[in-house]
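What the coordinates show
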Amino acid sequence: QVQLVESGGGFVQAGGSLRLSCADSGRSFSNYMMAWFRQVPGKEREFVSAISWKGGNIYYADDVKGRFTISREYAKSTMYLQMNSLKAEDTATYYCAAAFTIANSPTREDEYDFWGQGTHVTVSS
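Residues numbered from 1 in each chain as written. Predicted model: local features only at pLDDT ≥ 70, side-chain atom pairs only at ≥ 80, totals over all residues. Heavy atoms only, no water.

Time to look at the pattern of salt bridges. Scanning the model with the defined rule gives eight salt bridges in all. The salt bridge partner of Arg 38 is Glu 46, with a shortest N-O separation of 2.6 Å. A relative accessible area of 4% places Arg 38 in the buried class. By relative accessible area, which is 35% here, Glu 46 ends up partly exposed. The network of salt bridges with common partners includes Arg 38, Glu 46, Asp 63, Arg 67 and Asp 90. (Salt bridge = Lys/Arg side-chain N within 4 Å of Asp/Glu carboxyl O. Buried < 20%, exposed > 50% of the residue type's maximum accessible area, 1.4 Å probe, protein only.)

With that settled, the discussion passes to the nonpolar core. Membership of the largest hydrophobic core comes to 33 residues, with the highest contact counts inside it found for Trp 36, Leu 81, Met 83 and Tyr 94. Those elements that place two or more of their residues in this core are strand 3 (18-24), strand 4 (33-39), strand 5 (46-51), strand 7 (68-73), strand 8 (78-83), strand 9 (92-99) and strand 11 (119-124). Examining the composition of this core, we find that six residues originate from one element, strand 9, more than from any other. (Core = buried A, V, L, I, M, F, W, Y, C linked by side-chain atoms within 4.5 Å. Helix = DSSP H or I, 4+ residues; strand = E, 2+ residues; numbered from the N terminus.)

Below you can see the structure in the form of structure tokens.
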């Protein structure tokens, strides 16, 4: 059973850094795609980044490329999102997600079978 738990959110000034973690407490860190999405109240959830089972395929949204880095640590069944050069517009609740198969695109929210509860990031300008 996949059970995703995010942590690492918080308050940071613009230009600062945060690292989000997503642990699979079900310890079934198996061969599935994992991703980060984010959502601002009143807006749809949007894709941030995704990483395949062995890390060979990595995807980023255009507005985070060069600033965010996604990774997976298999020994700890954990995925990370290192966020640098944060901007006020990065303020959102960040969710991690897992998908056993990707039918169309790893950037699509409807591809994912399991979701965490979210962790909030606030970036002050």
